[in-house]
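Descriptive structure summary
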Amino acid sequence: MSVTTGRGLAWAPLSEVDPELWAAIEGERDRQRWKLELIASENYVYRAVLEAQGTWLTNKYAEGLPGKRYYGGCEYVDVAERLAQERALALFPGAEHVNVQPHSGAQANMAAYLAVLDHGDRIMGLSLAHGGHLTHGSPVNFSGKWFEVHSYGVAPGTEVLDYDEVERAAREVRPRMLVAGASAYPRTLDFERLATIAHDIGAVLFVDMAHIAGLVAAGLHPSPFPHADLVTTTTHKTLRGPRGGLVFSREDLAPDLKANYPKLAKTTLSAAVDKSVFPGVQGGPLMHVIAAKAVALHLAATPEYREDQRRTVANARELAAALRDRGARLVSGGTDTHLMLVDVTPLGVTGREAEATLDEVAITVNKNAIPFDRNPPNIASGIRVGSPAVTTRGMGTAEMRQIGGLIVDAIEGRADPAVGARVAGTVHEICARFPVPGLPEA
Ligand code: DSN
């Protein structure tokens, strides 16, 4: 039977059309079900998010914006995109404009830069080695290749940001954009102070809130709105949505600040952001993903979601305390958020060794450099540990204390197969008690 006529291959389920691929997808389902996911940037989406992504909206081209498309037939995808826009703005009071089309956090960030900066402009962000992100100026990333990059870091000793020092550096460097946000910084960020630092030197403040967006939505971390001029996020971390990005901005910059940005001479900031996304860095938006973003933003406005975020933070605190009580060193002494950075060298291992050891007992983390690390990044002295995924599974502080103990047991007993077997068995028992919401069982 033809693929395009009748009920042939076009109608057959994936498991029949491509058993080889299906086996990998089933393997990944089982990995998610039977391992403890502690990677701080990961989470489990709702069934409704999976459903939206699996719909026929994937068939549609919709370059442009709702009501202003370059293709016909957009009446229904316009509804989906408008819902995503309205819900994103409602979830973050003080946000004035949003573009929901970025395919990823990196592309959202690219659009934010392009909206206001020119090639070669000076930016200043948190150093990658101190918890920043590749797209905040790493030399191997477009941000480091396109812009003149300066970094600020955490203070030696406290391992937290010293805002007086950030201010001093910003006044010296005079970047055209101050970049804030992090992927491995466990403490609260003071966006109001950062905005004052940026605006006092005539620079815009760009906040990448990807890691903490869910906490911000739930009122558990100070909001970058209305302080920042540009704000990006991914939708798949604490927000529990599909993989993708959002870029928020003010409708326009204040006139005295705007005068410093020739790119905005004939346009508003919000229009520049939209143009940066398309046609600046992307072509057709992924309408099925935008629909899934709309679902996640809808669910993030519920009391249940806010309670999950509260539990996420409480769980991170308990896990951090459990690790500290067993001899690990917490960078900055602890956490205010969903993640912690754990110096594992007091346990006698490097970050790379800890990651590999924990993988063998079905606990998934990533090795991570710690500030002022003596080891190179591919070895690292730390691991980054996050509570979002295990919290989504329903685990609470009792499980966090237990998991903290298991982590240290596995590392300290790594030479003894009996210890590994006992820890792996306990991990299996915990996973059995907490199925993954939204994940079909085999
Ligand atoms: N790669 C993400 C993380 O793990 O934090 C950031 O983009």
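Quick summary incoming for the structure in this document. The model shown is predicted, which means the values in this text are computed figures rather than measured ones.

Each value, and the rule that gives it
Residues numbered from 1 in each chain as written. Predicted model: local features only at pLDDT ≥ 70, side-chain atom pairs only at ≥ 80, totals over all residues. Heavy atoms only, no water. Buried < 20%, exposed > 50% of the residue type's maximum accessible area, 1.4 Å probe, protein only. Helix = DSSP H or I, 4+ residues; strand = E, 2+ residues; numbered from the N terminus. Pairing = 2+ DSSP bridges. Core = buried A, V, L, I, M, F, W, Y, C linked by side-chain atoms within 4.5 Å. Contact = heavy atoms within 4.5 Å. Axes fitted to C-alpha atoms, helices over the stretch in contact; angles between N-to-C directions. Left-handed = near helix turned anticlockwise from the far one by under 90°. Nonpolar A, V, L, I, M, F, W, Y, C, P; charged D, E, K, R; others polar. Near = heavy atom within 4 Å. Polar contact = N/O pair within 3.5 Å; in protein donor to acceptor, adjacent residues only side chain to side chain. Areas by Shrake-Rupley, 256 points an atom, 1.4 Å probe, with all protein chains shown as cover. Patch = residues over 30% accessible without salt bridge, like charges linked within 9 Å, V, L, I, M, F, W, Y side chains within 5 Å. Salt bridge = Lys/Arg side-chain N within 4 Å of Asp/Glu carboxyl O.

1. Things to note about the pairing of strand β5 (residues 122-126)
Extensive coverage of β5 is indicated by the burial of 4 of its 5 residues. With 5 bridges connecting them, β5 and strand β6 (residues 148-152) associate as parallel partners. Counterpart to G125 in the pairing with β6 is S151. Relative to strand β7 (residues 177-180), β5 runs parallel, the two being bridged by 2 bridges. Bridging from a neighbouring strand, I123 pairs with M177 of β7.

2. Some thoughts on the nonpolar core
With 87 residues, the main nonpolar core has F92, V116, M177, M209 and F248 as its most contacted residues. With 8 residues, the top contributor of residues to this core is helix α12 (residues 287-299). Beyond its immediate sequence surroundings of up to four residues, F248 is in contact with A88, L89, F92, A95, H97, V98, M209, F225, D229, L230, V231 and T233. L323, I411, V419 and V427 belong to the second-largest nonpolar core, a separate cluster that totals 36 residues.

3. What about the packing of helix α13 (residues 303-325) against helix α16 (residues 397-412)?
Where α13 meets α16, the closest approach of the two axes is 8 Å, and the angle between their N-to-C directions is 35 degrees. The handedness of the crossing between α13 and α16 is right-handed. The segment α13 lies against α16, with A314, N315, E318, L319, A321, A322, L323 and D325 engaging T397, M400, R401, I403, G404, I407 and V408. Residue composition of the contact of α13 with α16, by class: 9 nonpolar, 3 polar and 3 charged.

4. Remarks on the sheet that holds strand β11 (residues 329-330)
Sheet architecture is open: 4 strands sit in the order β11-β12-β15-β14, paired in antiparallel fashion. Of all the strands in the sheet, just β11 and β14 (366-368) have a single pairing partner and so form its edges. Bridge count for strand β12 (residues 339-343) against strand β15 (residues 382-386) is 5 bridges, and the pairing is antiparallel. Counted as the bridge partner of D343 is G382 from β15. Set on the sheet, α13 makes contact with β11, β12 and β15; between it and β12 the angle comes to about 10 degrees.

5. Examining the site of the ligand
The immediate surroundings of the ligand are formed by S41, H133, S183, H211, K237 and R384. Between H133 and the ligand, the recorded distance is 2.8 Å, taken from a side-chain N or O atom to an oxygen atom. H211 has a polar side-chain atom sitting 2.7 Å from an oxygen atom of the ligand. Protein coverage of the free-state accessible area of the ligand, which is 230 Å², stands at 63%.

6. Here we look at the environment of H103
Within the secondary structure layout, H103 lies in the loop between β4 (97-99) and α5 (105-116). The partly exposed category is assigned to H103, whose relative accessible area is 24%. Along the sequence, H103 and P285 sit 182 residues apart, while their C-alpha atoms lie 7.4 Å from each other.

7. Quick word on a nonpolar patch on the surface
Together, L14, L21 and I25 make up a nonpolar patch on the protein surface, roughly 230 Å² of accessible area in all. With respect to the helices and strands, L14 occurs in helix α1 (residues 14-17). A relative accessible area of 37% means that L14 is categorised as partly exposed.

8. Considerations on the sheet that holds strand β9 (residues 230-234)
Each strand in a sheet pairs with its neighbour through backbone hydrogen bonds, running either in the same direction (parallel) or in the opposite one (antiparallel). What the 7 strands build is an open sheet, ordered β4-β10-β9-β8-β7-β5-β6; its pairing is mixed. Only two strands of the sheet have a single neighbouring strand rather than two, namely β4 and β6. The mean inter-strand angle of the sheet, taken between neighbouring strand axes irrespective of direction, is 20 degrees. Of the pairings in the sheet, the one linking strand β8 (residues 204-208) to β9 comprises 3 bridges and is parallel in character. Its bridge partner lying in β9, D208 is registered against T232. Along the sheet, α5 makes contact with β5, β7, β8, β9 and β10 (245-249), crossing β9 at roughly 165 degrees. Sheet strands touched by helix α8 (residues 191-200): β7 and β8. Its angle to β8, the strand with the most contacts, is close to 145 degrees.

So far we have only geometry, and geometry alone does not tell us how the molecule works.
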